[in-house]
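Chains, contacts and geometry: an overview
Chain by chain, the residues:
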Amino acid sequence: MSNQLQALKQSTTVVADTGDFHQLQAFQPQDATTNPSLILKAVQKPEYASLVDEVMAKTQGLPIDERMDQLIVRFGTEILKIIPGRVSTEVDARLSFDTNATLTRGERIVELYRAAGVDTSRVLIKVAATWEGIQAARLLEQRGIPTNLTLLFSFAQAVACADAKVQLISPFVGRIYDWYKKQAGSQWDEAAKAGVNDPGVQSVRGIYEYYKHFGIKTEIMGASFRNVGQIVALAGCDLLTISPDLLQQLADSQAPAPQLLDVEAAKAKTHTFVQYDEAQFRFALNEDAMATEKLAEGIRAFAADAVKLEAILQAR
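Reference entry: report on the structure contained in this document.

1. Here's the deal with the overall build of the protein chain
Helices and strands together make up the secondary structure of the protein chain, namely 14 helices and eight strands. What you see for the protein chain is a C-alpha radius of gyration of 19 Å, in line with the 20 Å of a compact globule of 316 residues. Dimensions of the protein chain, computed from the C-alpha atoms along their principal axes, are close to 55 × 50 × 40 Å. Surface summary for the protein chain: the accessible area is close to 13,500 Å², and the carbon and sulfur share equals 51%. Separation between the mean location of the 32 positive side-chain charges and that of the 38 negative ones in the protein chain comes to 2 Å.

2. Structural notes on the packing of aromatic side chains
Here the structure, examined in full by the defined rule, presents 11 aromatic pairs. What links up through ring pairs into an aromatic cluster is the set Phe155, Tyr210, Phe214 and Phe273.

3. Observations regarding the side chain of Thr89
Inspection of the secondary structure assignment puts Thr89 in strand 3 (residues 87–90). Owing to a relative accessible area of 1%, Thr89 belongs among the buried residues under this scheme. Ignoring anything within four residues of it in the chain, the contact list for Thr89 reads Thr34, Ile72, Ile109, Tyr113, Leu124, Ile125 and Lys126.

4. Focus on empty space enclosed by the protein
Per the counting criterion, the structure on display carries two cavities of 30 Å³ or more. Lining of the largest cavity is provided by 15 residues; of these, Pro36, Met68, Ile72, Glu90 and Asp92 occupy positions nearest its centre. Of all elements in the fold, only helix 2 (36–43), helix 4 (64–80), strand 3 and helix 14 (289–314) reach the threshold of two or more residues within the lining of the largest cavity. In the lining of the largest cavity, the residues fall into eight nonpolar, three polar and four charged. In this structure, the second largest cavity occupies an estimated 40 Å³ of space. Along the walls of the second largest cavity sit Val91, Asp92, Ala93, Leu95, Ser96, Thr102, Lys126, Val127 and Ala128, which together make up its complete lining. Among the elements that line the lining of the second largest cavity, the one with the most residues is strand 4 (residues 123–128), at three residues. Taken together, the residues of the lining of the second largest cavity sort by class into five nonpolar, two polar and two charged.

5. A short note on the environment of Gly61
Mapped onto the fold, Gly61 is located in the loop between helix 3 (49–58) and helix 4. Accessibility expressed as a relative area gives 73% for Gly61, which makes it exposed. Along the chain, Gly61 and Ala266 lie 205 residues apart, while their C-alpha atoms are 54 Å from each other.

6. So, the pairing of strand 6 (residues 168–171)
What you see with strand 6 is no split at all: Leu168 and Ser170 on one side and Ile169 and Pro171 on the other are buried throughout. The pairing of strand 5 (residues 147–152) with strand 6 spans three bridges and is classified as parallel. Across the sheet, residue Leu152 finds its bridge partner in strand 6, namely Pro171. With helix 7 (residues 155–163) bridging strand 5 and the parallel strand 6, this β-α-β connection has right-handed handedness. In this structure, strand 6 lies alongside strand 7 (residues 219–222), joined through two bridges in parallel fashion. Among the inter-strand pairings, Leu168 is bridged to a residue of strand 7, identified as Glu219.

7. Examining the environment of Asn227
The residue Asn227 is located in the loop between strand 7 and helix 10 (228–232) in this model. Along the sequence, Asn227 and Asp245 sit 18 residues apart, while their C-alpha atoms lie 9.8 Å from each other. Polar contacts involving the side chain of Asn227 include one to the main-chain amide nitrogen of Gly229, which spans 3.1 Å. Within the local environment of Asn227, its side chain forms a polar contact with the backbone nitrogen of Gln230, the two atoms lying 2.9 Å apart.

Criteria and cut-off values
Residues numbered from 1 in each chain as written. Predicted model: local features only at pLDDT ≥ 70, side-chain atom pairs only at ≥ 80, totals over all residues. Heavy atoms only, no water. Helix = DSSP H or I, 4+ residues; strand = E, 2+ residues; numbered from the N terminus. Rg over C-alpha atoms; globule rule 2.2 N^0.38 Å. Areas by Shrake-Rupley, 256 points an atom, 1.4 Å probe, with all protein chains shown as cover. Lys, Arg positive; Asp, Glu negative; His and termini not counted. Charge placed at Lys NZ, Arg CZ, Asp CG, Glu CD. Phe/Tyr/Trp six-rings, centres within 6.5 Å; stacked < 30°, edge-to-face > 60°. Buried < 20%, exposed > 50% of the residue type's maximum accessible area, 1.4 Å probe, protein only. Contact = heavy atoms within 4.5 Å. 1 Å grid on protein atoms, 1.4 Å probe; cavity = no way out; pocket = protein on both sides within 12 Å on 5 of 7 lines; lining within 4 Å. Points joined across faces, edges and corners; volume = space filled by probe spheres on them. Nonpolar A, V, L, I, M, F, W, Y, C, P; charged D, E, K, R; others polar. Pairing = 2+ DSSP bridges. Right-handed = clockwise from strand over helix to strand, strands pointing away. Polar contact = N/O pair within 3.5 Å; in protein donor to acceptor, adjacent residues only side chain to side chain.

This is the structure in structure tokens:
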């Protein structure tokens, strides 16, 4: 019998969510995603010390933001040597509300990959799904640079990303779950809110059904999982990006992972097409307390980790 990870791969493209490329080989993911927190975690491991020292020596004298980009691209380049597909590399979260700065930074990251000899069609520029980030992604896509819109918690964000014709979105499952669980407090019923009833799972399913119903080409990649149950409940989603510890749990399990999301079933459902201008988007996002709070929290956390990463690099 195949394991649960192999079963999942029958209906979904499995992506590894890590900056630690030494972990990738065991799980044979198609793609990989990184973010500032994952890179920060990786650079503090002794096995990456020589790589970091090499990049720091090579970039001596450059502004710290350029040295940061050189480092994250080096990690991405190493990841691409192991996986057959694409790597997502994130723009500094401190630029999340600056369209032009995000555009410029995204283009620079792509140029660094190109200089390293990488086929840049294998690189997704990862941007926070703020209004400004989505507009930067629209411009990057128009220039032939594929994007991955992250920190996505709401239907409004998904609608705006579809309108911008981005390559891929990363709706966050676990952080939605976290918010609703915290709100419910002692009233939270873990068993009743598991699997397909998980609020994070339901959010991704809603986006999936809307996209597939209207033939929207943007890929959907569920992200930020807290447990295997959330992953299995989204079997059939275009892609799922999964941390190494949960990949290991899937690989160690003989349980099934039947396809639960289906394009034809989504097409058969009734949906109303939605579009937002900037004011409508901002109001819709504001009406969603969970998405508003988690987006702000996520940007703050990634920005804080970028500052910590800079401090480590400046100390070397």
